[in-house]
Amino acid sequence: MTAFSAPKGVPDYFPPTSATFVAVRDTLVDSARRAGYGYVELPVFEDTGLFARGVGESTDVVTKEMYTFTDRGGRSITLRPEGTAGVMRSVIEHGLDKGQLPVKLVYAGQFFRAEQPQAGRYRQFHQVGVEAIGVDDPALDAEVIAIADEAFRRMGLSGYRLELTSLGDASDRPAYRELLQSFLSGLPLDAETRRRAEINPLRVLDDKRPEVRALVEAAPLMRDHLSDASREHYEAVKGYLGDLGVKYVENPRMVRGLDYYTKTCFEFVHDGLGAQSAIGGGGRYDGLMEQLGGQPLSGVGFGLGVDRSMLACQVEGVEPGNPSRCDVYGVPLGEAAKARLVALSAALRAEGVRYDLAYGGKGLKGAMKGADRSGARFALVLGERDIDAGVVQLKELATGDQREVPLADVVDSVREALGR
């Protein structure tokens, strides 16, 4: 028999770890929903041209990392490597930009990049993202950043920092691009890096190789070449972040891995994760919608890593999720008792009580072990004598305290014991 295993670089999440996964993902989504962001569910694969045009042909994502294949109709299809381009396509296709602006959307799901797997870097990874489209307002940039900051704090993280910079706008970039290309032309770069410098010189500043980083140490910085409008926008963003109580540090050398970013650019970094220290990031992308065939509307958003946020929680020793599978565990002693406890499941679950019970005819000892492993706070122990007396034993598993409650009142008794 062949023993199957998950593909390399693709994580499995199963109990009890999956409780943390769900809690992290839901916390990130919930923070956006509190700010008025509506949920959008996107296709897992799209036309390859969407990502080539939207993400940028000079990026590692497009040139090296996309999972691209030809479908049965001869079309080039790519598993989504990021979310913004797909959201923008959906907004344009369904005319969401024709209504009230900004269009505020949140999404969650799997994304795919053919990278070399390592701790915190997977070929299938999970992100939560938000996009606010249609309004160029520095207060909106600050809101997007604050949503992420609040989510990380709500899940119990404290050992991260927010790095912030501005990448300028369409009026700033040409002159800076020329200046940067002139600087790079005098460096002993390899052929591939030189080709990248010709397409998008900012990509060279994002190179992770130590020898290249040393060469570009003295490169001119966008921060020193912002127009008055871009500088005013950046200062306003920082002011609004101060109003929101969001702390940040400026990093003028930051370059995001995607070509569409303009003006505000940010990253959340957790040094406890080693080389893959980013737990999320994003920025403004003012020309992307028009580039994809839509209106010339601005946008700002982020992508936050669920997998890396989980790793950050592990590093800090926080558990945002409840690893228990249930609140109450039924322990039947005999077939008649099992029938009564099975019948209770609908009533308890209807009241929001997570309820499970011992199946398979286990004895008292085995059933109580199951109760302990479930993480339940209480066990309902029912035997023949209890049925005759019209009672059930409600046992608190942490203390061993046990009391009789009437079978007729068991739902109310359980809710009271749980504090609901």
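As a reminder, the structure under discussion sits directly above these lines.
Residues numbered from 1 in each chain as written. Predicted model: local features only at pLDDT ≥ 70, side-chain atom pairs only at ≥ 80, totals over all residues. Heavy atoms only, no water.

(A) Examining the sheet that holds strand β15 (residues 391–396) more closely. Spatially, five strands are ordered β13-β12-β14-β15-β16 in an open sheet, and the strand pairing comes out mixed. What marks the edges here is a single partner per strand, and that holds for β13 (355–357) and β16 (402–406). The mean inter-strand angle of the sheet, taken between neighbouring strand axes irrespective of direction, is 30°. Where strand β12 (residues 328–332) meets strand β14 (residues 378–382), five bridges bridge the pair, whose relative direction is parallel. By the bridge assignment for β14, G330 is matched with L380. Where helix α13 (residues 335–350) meets the sheet, its contacts fall on β12, β13 and β14, and the angle it forms with β13 comes to roughly 165°. Against the sheet, helix α14 (residues 364–374) engages β12, β14 and β15, with an angle of about 175° to β12. (Pairing = 2+ DSSP bridges. Helix = DSSP H or I, 4+ residues; strand = E, 2+ residues; numbered from the N terminus. Axes fitted to C-alpha atoms, helices over the stretch in contact; angles between N-to-C directions. Contact = heavy atoms within 4.5 Å.)

(B) The pattern of salt bridges, seen in detail. On inspection of all chains with the given rule, the structure shows 28 salt bridges. Among the salt bridges present, the one from K263 reaches D136, with a minimum N-O distance of 2.6 Å. With K263 in strand β9 (residues 262–269) and D136 in the loop between β6 (124–133) and α5 (138–154), this residue pair connects regions lying 127 residues apart in the sequence. Judged by its relative accessible area of 8%, K263 is buried. The class of D136 is partly exposed, set by a relative accessible area of 38%. If you follow the salt bridges from partner to partner, you end up with D136, D141, K263, R284 and D286 in one network. (Salt bridge = Lys/Arg side-chain N within 4 Å of Asp/Glu carboxyl O. Buried < 20%, exposed > 50% of the residue type's maximum accessible area, 1.4 Å probe, protein only.)

(C) Representation of the packing of α13 against helix α16 (residues 410–418) in the model. It is the contact of α13 with α16, at a shortest axis distance of 10 Å, that shows an interaxial angle of 50°. With respect to their mutual orientation, α13 and α16 come out oblique. Once α13 is placed against α16, the crossing between them reads as right-handed. Here L344, A347 and L348 of α13 come into contact with α16, specifically with V410, V411 and V414. A class-by-class count of the residues in the contact of α13 with α16 yields six nonpolar, no polar and no charged. (Parallel < 35°, antiparallel > 145°, perpendicular 65-115°, else oblique. Left-handed = near helix turned anticlockwise from the far one by under 90°. Nonpolar A, V, L, I, M, F, W, Y, C, P; charged D, E, K, R; others polar.)

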